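# Coordinate inspection notes
So you can see what is in the structure, the chains are spelled out below.
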Amino acid sequence: MAYIEVDSPASVKKQLAKVFEASLSATVPDEPDVVPLIEPCASKSGGKFADYQCNNAMSLWAKIKGKQTGFRGPPSVGQAIAKNLPPSEIIESCSVAGPGFVNIVLSKKWIAQRIEKMLVEGIHTWAPQLPVKRVLVDFSSPNIAKEMHVGHLRSTIIGDTLARMLEFACVESLIRRNHLGDWGTQFGMLIAHLYDTYPNPEDVNEAAIGDLQVFYKASKVRFDSDTEFKLRAQQSVVKLQSGEEKYLKAWQQICDVSKAEFEKVYQRLGVRLEAKGESYYNSLIPPTLEKLDKLGLIEESEGARVIFVEGVDIPLIAVKRDGGFNYSTTDLAALWYRLNVEKLDWNIYVTDVGQWQHFDQLFKAFRRAGWLPKDENEFPKCTHIGFGLVLGEDGKRFRSRSSDTVRLVELLDEAKRRCKTALLERDAVKGWSEEEIEKTSEAIGYGAVKYADLKINRLTNYTFNFDHMLNDKGNTAVYLQYAHARICSIIRKSGKDIEELKKSGNILLDQEDERTLGLHLIQFPEVFEESLSNLLPHVLCEYLYNLSEIFTKKFYTNCQVVGSPEETSRLLLCEATATVMRQCFYLLGIEPVYKL
Ligand code: ARG
C-alpha cells in the first residue's frame, strides 16, 4: 500500500491506461470500472517483445466466464481489447501474446516529441502534483551533547531526499524539521559536571565545554559510578526544567556548542533544517496531557501515567513514575502543536526502524483521542519512515577504528580527501585551479556517501565501505558523475549551441539504441511516481543507474554523435540524458560535476 496517491499526468503508464480504459469499456460494457493493468515489459534475453503490456485479459476472463459474452478464453478477450483501442498517437502497434497479454509498441515519433517538449519546457513539466498542501519532514534530529552518529547521518540523507522529492511534486509548503534532543535527562549530568569543574558561573563559556563528546563521556563515567553525583545530576534536571537561570545558561551554552558541531555536518551535506528542539514543546506538555486526561486516555499503571493503545500490550508512558517527562511526552505535545498550530496535513518522521513502536503508539494515541482520522490514509496523517542500521565491515554496528564512535565530520572529510587523491592522479586535472579541485572532490565525495546510502532499500541494513562507494566503476555516485561529465564534454566538444538546437531540432529514434535510450528517458515520471508514493529513494537510484548504463554501454558505444549525419538529434538525446540525470542528482542531494 502506497503512502500517498501521486497523480502524474506525464507518466507513460497513466497515458496508456487512459487509452485502454476506453477499449475496456467497449470490450466488456457490462463490467463497469475495470482498472487497466499496464506494466512496462521486462526485458528478456534476446530483447523485448514490446515496450508495455496490458494484463487485463486474464482476470477479466475469470470474471465473465459464465456469462453470455461470446468470448472463448483470455486470448480472445485480449484480441478484443487490442481491436477496440481508439486511435492514439501514443501507440504504434499492438499484438496479443500467450494467455492474452496485449503487447504495446510505442510510437517512436511520440517518444521523440515528449523528449523535445521536455527540453523546451523544462523537466518540471514531468513533475506530479501532490494532493497535499502542508507537509513536515522530521529528520536528522540528533541529540545535544551526545554524539551525532551514523544513524543520524542516514536520517539526514534520507530525510533530505524525501523533502526534495516532495518539493519537486509541488507541495505548497514544506518544513524540514530538526527535532533536536535538547531537553533530555543527559543535561542534568552535563550541567552538574560543568559546575563541578567550573564552580564560578563566570568561567562557564564555550571554550570550557570544549570537545563535547569528551565532556559527555567524562560526565557519564561519573554518573554511572558516583551515586552522590548522580543525585546532584538528577536535581540539576529539575532545576533546569523549572527554569533556574544558572542552569538555563549552562544549558544554552552546551546547546550552542553542539549545534555548531551539527552545522558543520549539514554544511558539508548541503542540507538545510529548521530547528525546533524538544525544549520548544516544554510549556505545551501540561496542557496536552490535560486534554488527553479529560478525554479519559490517561491511566495509572505501576505509579506512572500511561496511555494504552489498540494492539500493543505495553502502554505509552506519558509521565514517568518520578513525575518526569520523557521522549514520548514531548512527541505528544509536539504532534499536538504540528496538527493544531502548524496545521500540517502530513507529518513524516524519519528514524531508524527500531523506533517504529514508539511512533505506532503515538499515532494510535492520537487516533484514540480523535485528533487524527480513524482511517490512517486520510489527512491529516502521520507516517513513520524507518531505515536499517549502518554496519561496519565486521557486520557489527559501524564504528571507526580508533574510538567507539564515529565523528561524522571526519567521516565526510575522509570521503573528500580520498576523492581528492584520486582526482589529482588524473592528467585531466592538470591546469585546474585549487578551488576547482576542492569543489569537485567535495561534490564527488559527499555525493558518494549519500548515494551509497540511498541506493539500497532504506529498510535494510547497509555496510559502510569507502572502497565500494568511491569505486569509479559499478553502481556508485563516482561512476554516475563520470558518466554525466562525459555527456557534458560531448556537448561542449560539438561546439554547438544546445539552446538553439532545442528550439528547432528534431529527435530521431531510428537506431535501436537511440530508441532504448529515448524510452528510458520518458519513463522518468512514472519511476518518480513510484519512488515518491512509496517514499523509497532507491527506486530513483536504480533508474538513474540504468539510465547511465543505457547511455554509456548502448547509445554511446553504438551511435557516433559528433560529426555524424544525426548529430543534432543525438546531441539533443545527450542533453536530455544529462537533464534527467541532473534532476535525479538534485533529488538525491548530489551536486553534479560538469567536467572531469
Ligand atoms: N532524537 C531522536 C534520536 O536521536 C530522534 C527524534 C525523531 N523525531 C521525533 N519527533 N521523535 O533517536
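Throughout, a residue's number is its position along its own chain's written sequence, starting from 1. Predicted model: local features are reported for residues with pLDDT of at least 70 only, side-chain atom pairs are reported and counted for 80 or more only, and whole-chain, interface and lining totals are derived from all residues.

A word on the sheet that holds strand 8 (residues 298–301). Strands pair, by our definition, only if DSSP identifies at least two bridges between them. Secondary structure elements are defined from DSSP: runs of H or I of at least 4 residues count as helices, runs of E of at least 2 residues count as strands, and each element is numbered from the N terminus. In space, the three strands of this open sheet follow the order 8-9-10, with antiparallel pairing throughout. Whereas interior strands pair on both sides, the edge strands pair on one side only; in this sheet they are strand 8 and strand 10 (316–319). Within the sheet, the average angular offset between the axes of one strand and its neighbour, ignoring direction, is 45 degrees. Pairing geometry for strand 8 and strand 9 (residues 304–307), over four bridges, is antiparallel. Bridging across to strand 9, Glu 300 finds its partner in Arg 305. Here the contact rule is simple: place C-beta atoms from the backbone, and any two residues whose C-beta atoms are within 7 Å are in contact. A fitted line through C-alpha atoms serves as each axis, taken over the contacting stretch for helices, and the angle formed by two N-to-C directions is quoted from 0 to 180°. Contacting strand 8, strand 9 and strand 10, helix 11 (residues 285–294) crosses the sheet at an angle of about 90 degrees to strand 8.

Here the focus is the confidence of the model for the chain. Averaged over every residue, the pLDDT of the chain is 94; residues scoring 70 or more account for 98%. For this predicted complex, the interface score ipTM comes out at 0.99, alongside a pTM of 0.95. pLDDT measures the predictor's confidence residue by residue and takes values from 0 up to 100.

Nearness here has a simple definition: the residue's C-beta atom, placed using the backbone, must lie within 6 Å of the molecule or strand. Within the structure, the ligand sits among Asp 138, Ser 141, Pro 142, Asn 143, His 179, Gly 181, Asp 331, Ala 334, Tyr 349 and Thr 351. Where the shell around the ligand is concerned, the elements lending two or more residues are helix 12 (327–340) and strand 11 (346–352). Amino acids outside the nonpolar list (Ala, Val, Leu, Ile, Met, Phe, Trp, Tyr, Cys, Pro) and the charged list (Asp, Glu, Lys, Arg) are all regarded as polar, and Gly is one of them. Here the shell around the ligand is built from residues that sort into three nonpolar, five polar and two charged.

Working note: regular strand, side chains alternate between the two faces of the sheet. As defined by bridge partners, strand 5 (residues 134–138) adjoins strand 6 (residues 173–178) across five bridges and the pair is classed as parallel. Across the sheet, the residue bridging to Val 137 is Arg 176, located in strand 6.

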